[in-house]
Amino acid sequence: MDNDKHLKGTTTVGIVCSDGVVLATEKRATMGNFIASKTAKKIYQIDDLVGMTTAGSVGDAQQLVRMISVESKLYKMRRQESITIKGLTTLLSNILGGQRYFPLMVQLLVGGVDKNGPAIFSLDAMGGNIEETKAVATGSGSPMAYGVLEDRYHEGINVEEGMELAIRALYNAMKRDSASGNGIDVVKITADSYNRLDTGEVDKILENLK
């Protein structure tokens, strides 16, 4: 059996900010209660200023990333502009909905900045597609993460504050959820750049929370 295709687990967070979006996940992947990977990749760049987080089957997520990355490149070649995030998520919904009898076991957050500004959408395995206007969490630790997000999110939050909030929410989830843990991956996306924080930057923010 190809273990990679059946890695499960995890908590992911997305925060819509005044000047961009923050996507964050923890890096561990589990198979049942067995920890199969401590550095599973959960945030994928699918366009210049768009990222996708995944909770669920790693193999299914990688398949979706390949498909949607090709679609966004084709769109750009044809139209000479990037597809909107809403457009990308509609495509993803159609792919997921078309797999109804053999569903791809994923929960997705797709977020970034396009000509309409910052946006995040959440998608489920059946292709359900919801625009998130504030903060969202998916996966096994999401109840704990939501407690922090609801308490501390405020209108006008910027990406610097959003990064700290996302890390705080995941840190809280990881303390209480056995399927979460082993490091945090954070991406901040503004109108100018897609930036993945290095481990040192994340650790520095974590130290200030303890």
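The shown structure was predicted, so the numbers you read here are calculated from the model rather than taken from an experiment. (Residues numbered from 1 in each chain as written. Predicted model: local features only at pLDDT ≥ 70, side-chain atom pairs only at ≥ 80, totals over all residues. Heavy atoms only, no water.)

Details of the sheet that holds strand 11 (residues 184-189)
Point 1. Overall, antiparallel pairing links the 5 strands, which are arranged 10-1-2-11-12 in an open sheet. Single-partner strands in this sheet number two, and they are strand 10 (135-139) and strand 12 (194-196). Averaged over neighbouring strand pairs, the angle between their axes works out to 15° when direction is ignored.
Point 2. Across the sheet, helix 3 (residues 142-152) lies against strand 1 (11-17) and strand 10, angled at about 165° from strand 10, the strand it touches most. (Pairing = 2+ DSSP bridges. Helix = DSSP H or I, 4+ residues; strand = E, 2+ residues; numbered from the N terminus. Axes fitted to C-alpha atoms, helices over the stretch in contact; angles between N-to-C directions. Contact = heavy atoms within 4.5 Å.)

Re the environment of Val-113
Point 1. Here Val-113 shows up in strand 7 (residues 106-114).
Point 2. Distance in space between the C-alpha atoms of Val-113 and Ala-191 is 5.7 Å, their sequence separation being 78 residues.
Point 3. Not counting the four nearest positions on each side in its chain, Val-113 is found in contact with Gly-20, Leu-49, Ile-85, Pro-118, Ile-189, Thr-190 and Ala-191.

Some words on the environment of Asn-195
Point 1. By secondary structure assignment, the location of Asn-195 is in strand 12.
Point 2. Residue Asn-195 is classed as partly exposed on the basis of its relative accessible area, which comes to 28%.
Point 3. Placed 173 residues apart in sequence, Asn-195 and Val-22 show a C-alpha to C-alpha distance of 9.7 Å.
Point 4. Not counting residues up to four positions away in its chain, the partners in contact with Asn-195 are Val-186, Val-187 and Lys-188. (Buried < 20%, exposed > 50% of the residue type's maximum accessible area, 1.4 Å probe, protein only.)

Brief notes about the side chain of Asp-114
Point 1. Structurally, the position occupied by Asp-114 is in strand 7.
Point 2. A polar contact is formed between the side chain of Asp-114 and the backbone nitrogen of Ile-85, at a distance of 2.9 Å.
Point 3. At 2.8 Å, the side chain of Asp-114 and the backbone nitrogen of Asn-116 are in polar contact.
Point 4. When near neighbours in sequence (up to four residues on either side) are disregarded, Asp-114 contacts Thr-84 and Ile-85. (Polar contact = N/O pair within 3.5 Å; in protein donor to acceptor, adjacent residues only side chain to side chain.)

Points about the sheet that holds strand 9 (residues 129-132)
Point 1. Spatially, 5 strands are ordered 5-6-7-8-9 in an open sheet, and the strand pairing comes out antiparallel. Looking at strand neighbours, the two that pair on one side only are strand 5 (43-47) and strand 9, the edges of this open sheet. Each neighbouring strand pair of the sheet contributes to a mean axis angle of 25°, computed without reference to strand direction.
Point 2. One ladder, built from 7 bridges, connects strand 7 with strand 8 (residues 117-123); its direction is antiparallel. By the bridge assignment, Val-110 is partnered in strand 8 with Phe-121.

Considering the pattern of salt bridges
Once the charged atoms of two side chains with opposite charge are near each other, the side chains can pair.
Point 1. For the structure shown, the criterion picks out 7 salt bridges.
Point 2. The partner of Glu-81 in a salt bridge is Lys-115, with the nearest N and O atoms 3.8 Å apart. With Glu-81 in the loop between helix 1 (58-79) and helix 2 (85-98) and Lys-115 in the loop between strand 7 and strand 8, this pair connects stretches of sequence that are 34 residues apart.
Point 3. Its relative accessible area of 35% is what places Glu-81 among the partly exposed residues.
Point 4. Its salt-bridge partner being Glu-164, residue Arg-168 comes within 3.7 Å of it at the nearest N-O pair. Within this pair, Arg-168 and its partner Glu-164 are both found in helix 4 (residues 159-176), separated by 4 residues, close to a single helical turn.
Point 5. Its relative accessible area of 22% is what places Arg-168 among the partly exposed residues. (Salt bridge = Lys/Arg side-chain N within 4 Å of Asp/Glu carboxyl O.)

Concerning the UniProt feature "active site" (unreviewed entry) in the protein
Point 1. UniProt annotation of "active site" (unreviewed entry) refers to Thr-10 when read in the numbering used here.
Point 2. Residue placement: Thr-10 occurs in the segment before strand 1. (UniProt positions renumbered as here; feature names shortened; annotations may be inferred.)

Points about helix 2
Point 1. Across its 14 residues, helix 2 extends 20 Å between first and last C-alpha, which sits within 8% of the 20 Å expected from 1.5 Å per residue.
Point 2. Taken as a whole, helix 2 has its buried residues at Ile-85, Leu-88, Thr-89, Leu-92, Ser-93, Ile-95 and Leu-96. Projected down its long axis, helix 2 carries its buried residues within an arc of 165°, all on one side. The outward face of helix 2, more than 90 degrees from its buried face, is lined by the exposed residues Lys-86, Asn-94 and Gly-98.
Point 3. Against strand 5, strand 6 (50-56), helix 1, strand 7, strand 8 and strand 9 lie the buried residues of helix 2. (Expected span 1.5 Å × (residues − 1). Arc of directions from axis to C-beta.)

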